[in-house]
Amino acid sequence: MRLRSGEIWTIESEIGDGRKHTGVVVLSSGKLAGGDGQYLYVGRFRFREGRIAADINVTHYKGEAYSVFDRWEKDFAVRFEGERHGGVIRGEMRRKDVPRLKIAAQMVLRGEIGPALPGTAKHVSQPTSEL
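Residues numbered from 1 in each chain as written. Predicted model: local features only at pLDDT ≥ 70, side-chain atom pairs only at ≥ 80, totals over all residues. Heavy atoms only, no water.

(A) Seen up close, the environment of H85. When you line up the elements, H85 lands in strand 6 (residues 75–85). When its relative accessible area of 44% is taken as the criterion, H85 is described as partly exposed. Sequence-wise, H85 and G50 are 35 residues apart; in three dimensions their C-alpha atoms are separated by 7.8 Å. (Helix = DSSP H or I, 4+ residues; strand = E, 2+ residues; numbered from the N terminus. Buried < 20%, exposed > 50% of the residue type's maximum accessible area, 1.4 Å probe, protein only.)

See the structure below:
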């Protein structure tokens, strides 16, 4: 299964205390961009044979600078690696500067950006999956 340019995904993880964290990313031509209520995400990705590897720079822009890695920080880099199963990519995120810091994460396909083509459905069904 291929990734299509302009797909919108949520990236979901569980914080150490059991709270869930969700951000949004758009994948397009090897580039990734998105964010959440505190951080912006910018990076690059490769997708081959059902596996993704993404290098992501995370930058704080408002609110508390408390990351999913249970740390107070403004800027950091992560690597997300995972395997696609339909509309879900399951994997893990690792801190690039502290590789032992890792968390389970998944990306869930939510739709795509851009104008709808005549005669095509714009809505993507949402998989029901949990971390």
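(B) Representation of the packing of aromatic side chains in the model. Following the criterion strictly, the structure yields three aromatic pairs and no others. Here Y66 and W72 contribute two aromatic rings whose centre-to-centre distance is 4.7 Å and whose plane-to-plane angle is 55°, an arrangement assigned as tilted. With a relative accessible area of 27%, Y66 lands in the partly exposed category. For the ring pair F69 and F76, a centre distance of 6.1 Å and an interplane angle of 85° mean the geometry is edge-to-face. (Phe/Tyr/Trp six-rings, centres within 6.5 Å; stacked < 30°, edge-to-face > 60°.)

(C) A look at the pairing of strand 7 (residues 88–95). Both strand 6 and strand 7 contribute to a ladder of eight bridges, which runs antiparallel. Residue G82 lies in a different strand from strand 7, and its bridge partner there is G91. Between strand 6 and strand 7, which follow one another and run antiparallel, lie two residues, and G86 among them has a positive phi close to 65°. When strand 7 meets strand 8 (residues 102–112), the two strands line up antiparallel, connected through seven bridges. Along strand 8, the bridge assignment pairs R94 with K102. Remark: six residues form the turn of the hairpin made by strand 7 and strand 8, two consecutive strands paired antiparallel. (Pairing = 2+ DSSP bridges.)

(D) Focus on unusual backbone geometry. With phi around 50°, S29 is a residue other than glycine that occupies positive phi space. By the element assignment, S29 lies in the loop between strand 2 (20–28) and strand 3 (31–35). With relative accessibility at 63%, the residue S29 sits in the exposed group. Here the phi dihedral of E49 falls at roughly 50°; this positive angle occurs in a residue that is not glycine.

(E) View of the pairing of strand 5 (residues 51–60). Pairing of strand 4 (residues 39–48) with strand 5 involves 10 bridges; the strand directions are antiparallel. In the sheet register, G43 faces strand 5, and the bridge partner there is I56. When strand 5 meets strand 6, the two strands line up antiparallel, connected through nine bridges. Paired with V58 across the strands is F76, a residue of strand 6.

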